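Commentary on secondary and tertiary structure
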Amino acid sequence: MGQLEDNEKPVFLINGFLDGGKTSFINFTISEEYFHIDENTLLLVCEDGEVAYDEKILKKEHIIKRQITDEALLSKETLDKLTKEAKAERIVIEYNGMWDPAKLRFPDDWVLYQQITVFDGTMLDMYLNNMKAMMGPMLRYTELVIINRCDNVAEEVLQGWKRQLRPMLMQGADIVMENKYGEIPLDTIAEDLPFDVSGDNVVIEPENYGIWFFDARDYPERYRGKTVEFSACVMKDRSFGPGEFVPGRMAMTCCAADMTFLGFVAHYENIRRFKDGSFVHLKAKFGTMERREYEGEGPYLEVTEIAPCEEIKDPVTF
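What comes next concerns the included structure. (Residues numbered from 1 in each chain as written. Predicted model: local features only at pLDDT ≥ 70, side-chain atom pairs only at ≥ 80, totals over all residues. Heavy atoms only, no water.)

**Quick word on the layout of surface pockets**
Size it by volume and the largest pocket reaches roughly 750 Å³. Forming the boundary of the largest pocket are 25 residues, of which Gln171, Phe213, Arg217, Thr260 and Leu262 lie nearest the centre. Elements with a contribution of two residues or more to the lining of the largest pocket: helix H7 (209-218) and strand S12 (259-263). With four residues, S12 is the single largest residue contributor to the lining of the largest pocket. Among the residues making up the lining of the largest pocket, the classes are represented as 15 nonpolar, five polar and five charged. Space inside the second largest pocket adds up to approximately 350 Å³. Lining of the second largest pocket is provided by 21 residues; of these, Phe25, Phe28, Thr29, Ile116 and Ile146 occupy positions nearest its centre. Those elements that provide at least two residues to the lining of the second largest pocket are strand S1 (9-15), helix H1 (22-30), strand S5 (110-120), strand S6 (144-148) and strand S7 (174-179). Of the residues forming the lining of the second largest pocket, the biggest block, six residues, is contributed by H1. (1 Å grid on protein atoms, 1.4 Å probe; cavity = no way out; pocket = protein on both sides within 12 Å on 5 of 7 lines; lining within 4 Å. Points joined across faces, edges and corners; volume = space filled by probe spheres on them. Helix = DSSP H or I, 4+ residues; strand = E, 2+ residues; numbered from the N terminus. Nonpolar A, V, L, I, M, F, W, Y, C, P; charged D, E, K, R; others polar.)

Pasting the structure below:
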């Protein structure tokens, strides 16, 4: 979320599969004082679920609800017309989880202010096992994932969900899990990592690279000052400083069509000895640094040892 220009209208996109809790979440949010504005809000509802909107709250909060049942109607022209008819200064969209959010085209004065994805915890295993290809686009620009109905779910299952969702989320996105009592504090649940982080040296086996990458990205304090050891592919770029490169691996974050290179910026004075695309085994001191690649602070590896190694042909999976 960032600052808006005076002529820009913020858009809150609430995504997720049918009956996952999107309407309940929106009903709760629009009734909260912090979400109140004096101007009109346009609420676009793209599917019919079991929960209805509270018409009294909609009227009280100056919210004009419009139903869109055809994905083809989500054109810039139609959306601009609905905004002007409602004289709206803010837009909330309850999106259809079966529609591709990449096809959604905003009017010129709309700005995606926040995207939230809501899942039903009783269905999440089925989604992860059978619908991961659809979840990738849904989660790509999500800032907050809410998993509700997590009652009587074991701690290791909650952490497993978190581990599988991380690769599909952008850096800085949050995951919240809820049961009937409210939010479950995940930071109090011990994460069962497949490598030892208790000592000064952390050894990452090739099959655990993806888990380590996202854990180090999200919890860099866990590794700061330690030596990390792993095998990776050398990636160079002309924009890097002297001796800088990225050791990383190709990863399949949600499906075979969605491949990406996962790696952190590193420094080794004689990296020119190693060709771009070659595989190396390295040891490096883990630190953090402000970098444009991260759009802020992120991991920075100072390599102390490096040597050629065999190519790892299999991509990282989760």
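**Quick word on the nonpolar core**
Across soluble globular proteins, you tend to see nonpolar side chains buried next to one another. Core analysis: the largest hydrophobic core is formed by 36 residues, its most contacted members being Trp212, Tyr223, Val228, Phe230, Phe245 and Ile306. Those elements that provide at least two residues to this core are H7, strand S10 (227-235), strand S11 (244-252), strand S13 (265-267), strand S14 (279-291) and strand S15 (296-308). Looking at which element gives the most residues to this core, the answer is H7, with six residues. Sequence-distant contacts of Ile306, that is, excluding residues within four places in its chain, are made with Phe245, Tyr268, Ile271, Phe274, Val280, His281 and Leu282. (Core = buried A, V, L, I, M, F, W, Y, C linked by side-chain atoms within 4.5 Å. Buried < 20%, exposed > 50% of the residue type's maximum accessible area, 1.4 Å probe, protein only. Contact = heavy atoms within 4.5 Å.)

**Side note on the environment of Ala52**
As for its position among the elements, Ala52 is in the loop between strand S2 (40-45) and helix H2 (55-60). Considering only alpha carbons, one finds Ala52 and Ser24, 28 residues apart in sequence, at a separation of 8.3 Å. The contacts of Ala52, once residues within four sequence positions are left out, are Thr23 and Asn27.

**Digging into a nonpolar patch on the surface**
A grouping of Leu112, Tyr141 and Met170 is seen on the molecular surface, where their side chains present a nonpolar patch of about 280 Å² in accessible area. Along the chain, Met170 falls in the loop between helix H6 (155-165) and S7. (Patch = residues over 30% accessible without salt bridge, like charges linked within 9 Å, V, L, I, M, F, W, Y side chains within 5 Å. Areas by Shrake-Rupley, 256 points an atom, 1.4 Å probe, with all protein chains shown as cover. Salt bridge = Lys/Arg side-chain N within 4 Å of Asp/Glu carboxyl O.)

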